[in-house]
Amino acid sequence: MSQIDKLLREDLLGRSPYGAPQLDVAVRLNTNENPHPPPPQLVADLAARVAAAAENLNRYPDRDAVALRSDLADYLSARTGQPVDVRQVWAANGSNEILQQLLQAFGGPGRHALGFDPTYSMHALICVGTGTGYLSMPRLPGFGLEPEAAALVVREHAPDVVFLCSPNNPTGTALDLEVVAAVYEAARGLVVVDEAYGEFSTRPSAVTLLPGRERLVVTRTMSKAFAFAGGRLGYLAAAPDVVAALQLVRLPYHLSTLSQAAARAALAHAPEVLATVEAVKGQRDRLVDGMRALGLEVVDSDANFVLFGEFGDQAATWQGLLDRGVLVRDVGIRGWLRVTAGTEVETTAFLDALSEGLRDAATNQRGA
Ligand SMILES: Cc1ncc(COP(=O)(O)O)c(C=O)c1O
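Residues numbered from 1 in each chain as written. Predicted model: local features only at pLDDT ≥ 70, side-chain atom pairs only at ≥ 80, totals over all residues. Heavy atoms only, no water.

A.B. asks: Go over the nonpolar core with me, naming the residues and quoting the values.
C.D. replies: Counting residues in each nonpolar core, the largest one holds 84 residues, and the members touching the most others are Leu164, Met222, Met291, Phe308 and Phe350. For this core, the element with the most residues is helix α7 (residues 177-186), which contributes seven residues. With residues near it in sequence (within four places) discarded, Phe350 still touches Leu29, Leu287, Met291, Phe308, Leu321, Val326, Val328 and Val339. (Core = buried A, V, L, I, M, F, W, Y, C linked by side-chain atoms within 4.5 Å. Buried < 20%, exposed > 50% of the residue type's maximum accessible area, 1.4 Å probe, protein only. Helix = DSSP H or I, 4+ residues; strand = E, 2+ residues; numbered from the N terminus. Contact = heavy atoms within 4.5 Å.)

A.B. asks: I'd love a proper account of the site of the ligand, names of residues and values included.
C.D. replies: In the vicinity of the ligand there are 13 residues, among which Ser95, Asp194, Tyr197, Thr221 and Ser223 approach most closely. Within the side chain of Ser223, one N or O atom sits 2.6 Å away from an oxygen atom of the ligand. In this structure, Arg232 approaches the ligand through a side-chain N or O atom, which is 2.7 Å from an oxygen atom. Here the ligand loses 94% of its free accessible area of 400 Å² to cover by the protein chains. Here the residues of the shell around the ligand are counted per class, giving four nonpolar, six polar and three charged. (Near = heavy atom within 4 Å. Polar contact = N/O pair within 3.5 Å; in protein donor to acceptor, adjacent residues only side chain to side chain. Areas by Shrake-Rupley, 256 points an atom, 1.4 Å probe, with all protein chains shown as cover. Nonpolar A, V, L, I, M, F, W, Y, C, P; charged D, E, K, R; others polar.)

A.B. asks: Tell me about helix α5 (residues 121-130), and name the residues and values.
C.D. replies: For α5, the set of buried residues is Met122, His123, Ile126, Cys127, Val128 and Thr130. For α5, the secondary structure elements touched by its buried residues are α4 (95-106), β3 (112-117), β4 (133-138), β5 (161-165) and β6 (190-194). Following α5 by one or two positions, Gly131 adopts a phi angle in the positive range, close to 70°.

A.B. asks: Before we move on, could you go through the packing of helix α11 (residues 276-293) against helix α13 (residues 344-367) and cite the residues and values that matter?
C.D. replies: Contact geometry for α11 and α13: axes closest at 10 Å, N-to-C directions at 15°. For the element pair α11 / α13, the angle class is roughly parallel. Here α11 and α13 pass one another in a crossing that is right-handed. Across the interface between the two elements, Gln283, Arg286, Leu287, Gly290 and Met291 from α11 touch Glu344, Thr347, Thr348, Phe350, Leu351 and Leu354 from α13. A per-class count over the contact of α11 with α13 returns five nonpolar, four polar and two charged. (Axes fitted to C-alpha atoms, helices over the stretch in contact; angles between N-to-C directions. Parallel < 35°, antiparallel > 145°, perpendicular 65-115°, else oblique. Left-handed = near helix turned anticlockwise from the far one by under 90°.)

A.B. asks: Account for the packing of aromatic side chains, with residues named and values stated.
C.D. replies: The final tally for this structure, using the stated rule, is six aromatic pairs. Judged by centre distance (4.0 Å) and plane angle (10°), the rings of Tyr60 and Tyr253 are stacked. Here Tyr253 lies in the loop between α8 (240-246) and α9 (257-268) and Tyr60 lies in the loop between α2 (40-54) and α3 (66-80), a separation of 193 residues in the sequence. Given the relative accessible area of 65%, Tyr60 is considered exposed. Aromatic side chains Phe308 and Phe311 sit 5.8 Å apart centroid to centroid with 90° between the ring planes, which places their arrangement in the edge-to-face category. The ring of Tyr184 carries Arg215 above its face, with NZ or CZ at 4.1 Å from the centroid. Above the face of the Phe305 ring, Arg338 is positioned so that its terminal group lies 5.6 Å from the ring centre. (Phe/Tyr/Trp six-rings, centres within 6.5 Å; stacked < 30°, edge-to-face > 60°. Lys NZ or Arg CZ within 6 Å of the ring centre and 35° of its normal.)

A.B. asks: Could you give an account of unusual backbone geometry, with specific residues and numbers?
C.D. replies: Among all residues except glycine, the phi angle is most often negative; among peptide bonds, the trans geometry is most common. A cis amide bond, omega -10°, links Ser166 with the succeeding residue Pro167. For Pro167, the location among the structural elements is in the loop between β5 and α7. Cis peptide bonds are those with omega within 30 degrees of zero, and the linkage from Gly309 to Glu310 qualifies with -15°. Looking at the element boundaries, Glu310 is found in the loop between β10 (305-309) and α12 (314-323). Positioned with a positive phi, Ala158 is a non-glycine residue whose angle comes to about 40°. The topology assignment puts Ala158 in the loop between α6 (147-157) and β5. Its identity as a non-glycine residue notwithstanding, Ala227 has a phi of 55°, on the positive side. Relative to the elements of secondary structure, Ala227 occurs in the loop between β7 (216-221) and β8 (234-238). Taking relative accessible area as the criterion, Ala227 reaches 18% and is therefore assigned buried.

Below, the structure is given as structure tokens:
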């Protein structure tokens, strides 16, 4: 055991960091980004706003990011049809930081969260980082959730925090709002609905359930549909008391002046940026049809990625695709892989690489 291992918290010993491979390959379909770069008019506007903000970099940023939160509240209100005001919105460096702040305030040692797996791996990992217990509950066959069954599990385990994810990463499955409402009724603690992929879904947002539900939190991000993953901006909508609680644990000035200015620029161009969503969904549907035509199992997706299988050895299929210049994600579910919807050219490259790989594997098997 090294000197550092001896000093490390025992519950962190032997753990691996979050690590989606960042490899330099031609076709990268492994982290669910929007493949379309920001439009030139947004880049120009953002550069101008960041330049103006830079003149005040000797000063700390607005600690409460009020102007940005107000823009986010307007965006969410328009998008979901549910009026949301600035006191209900909080922002941070990516929705991962929002989730961390939630667990710092409402989780921690002696407390536990509950999630329905397979789901976004960072829910459990952020629990580890904040010393929160994590109870992993299974999803139904087909990866969905039923209101009564989910509520039963939540009532039985009485977690301090419940994570729901809709559409769910890595399965793409969206939740009916009845599931959220039933889980909320059954829960004694916070219910967090992670809607990182909300803009890709045709279902109504859980934001519409906020009125009268003080313990409900909806987290969102600009990393996916908004094509702003590099900008690092996540946010939540909840009761003002939840926002006040997060202000107890956030680091002062956590969102830089530059981040705030850049995110406001991106929000000002929301219609142009979000116009790419339909194209991405078109490629997702091509992926689904193409893979089903190859005889594969594909889970119906409401997001910008698709879970597909089933492979005897998904790691070998992952490597075979990488050898052909296509990076997808092995999320650790035996037999399954996840692919992000990219551009038309990327979809074609992926489907070609996959069918070639399947053909080679069949030939090898015959020869064996
Ligand atoms: C379900 C889900 N939630 C949250 C995030 C975190 O996104 P970010 O921190 O970039 O906002 C991701 C990223 O992949 C995700 O898939």
